[in-house]
Amino acid sequence: MDKKNIDWSNLGFAYVQTDKRYVANYKDGNWDDGCLTEDATITITECAGVLQYAQTCFEGLKAYTTVDGKIVCFRPDMNAARMADSCRGLEMPVFPEDRFVEAVVEVVKANKDWVPPYGSGASLYLRPFMFGSNAVIGVKPATEYQFRIFATPVGPYFKGGVKPLTLRISDLDRAAPKGTGNIKAGLNYAMSLRNIVDAHNCGYDENVYVDSATRTFIEETGGANIIFVTKDGKLVTPKSDTILPSITRRSLMQVAEQYLGMEVEQREIKLSEIDQFAECGLCGTAAVISPVGKIVDHGKEITFAGMGPVIQKLYDTLRGIQMGEIEGPDGWIKVIE
Ligand SMILES: *Cc1c(COP(=O)(O)O)cnc(C)c1O
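Bear in mind that the values here come from a model prediction, so they are computed numbers and not experimental data.

**Student:** Would you mind going over the domain arrangement of the chain in detail, with residue names and values included?
**Tutor:** As far as domains go, the chain holds domain 1 (8-154) and domain 2 (165-322). Between the C-alpha centres of domain 1 and domain 2 the distance comes to 26 Å. The interface is formed by 21 residues belonging to domain 1 together with 18 residues belonging to domain 2. Here domain 1 meets domain 2 over a buried area of about 1,600 Å², counting both sides, of which 64% is carbon and sulfur. If you sort the residues of domain 1 by the area they bury against domain 2, Phe58, Phe74 and Arg82 come out on top, with a joint share of 39%.

**Student:** For the site of the ligand, give the residues involved together with the corresponding values.
**Tutor:** With respect to spatial proximity, 15 residues lie near the ligand, and among them Lys184, Tyr189, Ser246, Thr248 and Thr285 are the closest. Here a nitrogen atom of the ligand sits 2.7 Å away from a polar atom, N or O, in the side chain of Glu220. Compared with its free state, where it exposes 380 Å², the ligand has 96% of that area covered by protein. Of the residues in the shell around the ligand, the class split is four nonpolar, seven polar and four charged.

**Student:** Kindly report on the nonpolar core, identifying the contributing residues and their values.
**Tutor:** Residues Val108, Leu126, Met130 and Phe147 are the most contacted members of the largest nonpolar core, which totals 36 residues. Every element with two or more residues in this core is listed here: β1 (21-27), β5 (61-65), β6 (71-74), α2 (76-89), α3 (97-110), β7 (123-132) and β8 (145-154). Broken down by element, this core gets its largest block of residues, seven residues, from α3. Phe147 has contacts with Tyr22, Val23, Ala24, Trp31, Met83, Phe95, Phe100, Ala103, Pro128, Phe129 and Met130, leaving out every residue within four places of it along the chain. Ranked by size, the runner-up nonpolar core spans 24 residues in total, among them Phe74, Val255, Met262 and Ile311.

Conventions and cut-offs
Residues numbered from 1 in each chain as written. Predicted model: local features only at pLDDT ≥ 70, side-chain atom pairs only at ≥ 80, totals over all residues. Heavy atoms only, no water. Domains from an automatic or database assignment. Contact = heavy atoms within 4.5 Å. Buried area = accessible area lost by both parts, 1.4 Å probe. Near = heavy atom within 4 Å. Polar contact = N/O pair within 3.5 Å; in protein donor to acceptor, adjacent residues only side chain to side chain. Areas by Shrake-Rupley, 256 points an atom, 1.4 Å probe, with all protein chains shown as cover. Nonpolar A, V, L, I, M, F, W, Y, C, P; charged D, E, K, R; others polar. Core = buried A, V, L, I, M, F, W, Y, C linked by side-chain atoms within 4.5 Å. Buried < 20%, exposed > 50% of the residue type's maximum accessible area, 1.4 Å probe, protein only. Helix = DSSP H or I, 4+ residues; strand = E, 2+ residues; numbered from the N terminus.

Listed below in C-alpha cells is the structure:
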C-alpha cells in the first residue's frame, strides 16, 4: 500500500470518502461484533428514530503522523467517555469505551494511506457517531442503533496563515439551562445553523453564546470552547453546566498549569468583564486554538491581541505534545502504528 497521491497541505475541510469504515449494530439489548466495511452508504427505514426525532450524537478526533513517523491519535479515550455521556443523555445505549478506542485504531489502520505525513499540517479526521435506526413513530427511544466511525482527510486549519476571528455576541441561544448543551448531540448543531449562517452574512466568523437563563455569562461558540488570558497571564475559561466539555480546552488547562506554570481558573465569566482580558481564543480539535481578534457586543467592539504571546505558547506546547516533539502526560498519545 502507498500513501494516497494528495496535495495534503492544500486539502480543505470537506468530506472525502476513504476506503474503510467501522460499523456495529445494536439490537435486542446487545452490540454485535462490529466490522470494517467498504460501504459508505446507510439504508434505514424512513421512520428511523434519527430521522424523526434526531436521536443521534457524534465525536470528532484526528489521526496524524508524529515527528518520529508514528501514526497516533490524541486522547481517544476521552472521546469514548464523552460519547458515552452523550448516549446516556439521549437515552441511547453506550458503545463500550474500550471497543470505541479499538474501533478507532481499526479504522485508522485500514485507512493508513490516508494519514497525512508529518509536517503537512493535515490529518485524518475521524467521525464516530451513533443513531437510532429502527422505526419509531410514538415519541420514545429507538430500540436499535448503529455506531459507525468513518475517516476523512482534512487539510491544515491555518492555511495561508492565522487570521484572528471576529465574533459577535449572539441574541439566540444554543443551550437551555438544564438542556443538552453539555453533550455532543446533532440537535445542538441543527438549531445553530440558522444563527451561524446569519453571523456569516453579517461578516462574523462565529457566534458567542451567553447563558440563556440570565444572558449575563459567557458560554462558548457554536462549535468551540472559549479561553481568555488576563493581562497578568492567567488562563480563564467559563464554568457552566451547559458548555460542551472540549477535550482540547481541558488539555490546554493542564498544559498551562503543568508545562507553562500558569495560573488557571475556571469560573463564571461575565460578558461585562471580557474587555478586561488581553487575549482570547477558541479551542477545539479542528484548530487546537483559533485566536480571536474581536468580539462585537451589539455595536461595542472588544479587541484582543489575536495570536498573543500566551495563546501562542499554549498552542505551540499542545501542538508539540500532539506531534511528539514534546513529551506529553501519560496516556495522551495513542500510538496506532
Ligand atoms: C466538539 C465541540 C467542541 C470542541 O471539543 P474538542 O473535544 O476540543 O474537539 C466545543 N464545543 C462544542 C459545542 C462542540 O460540539
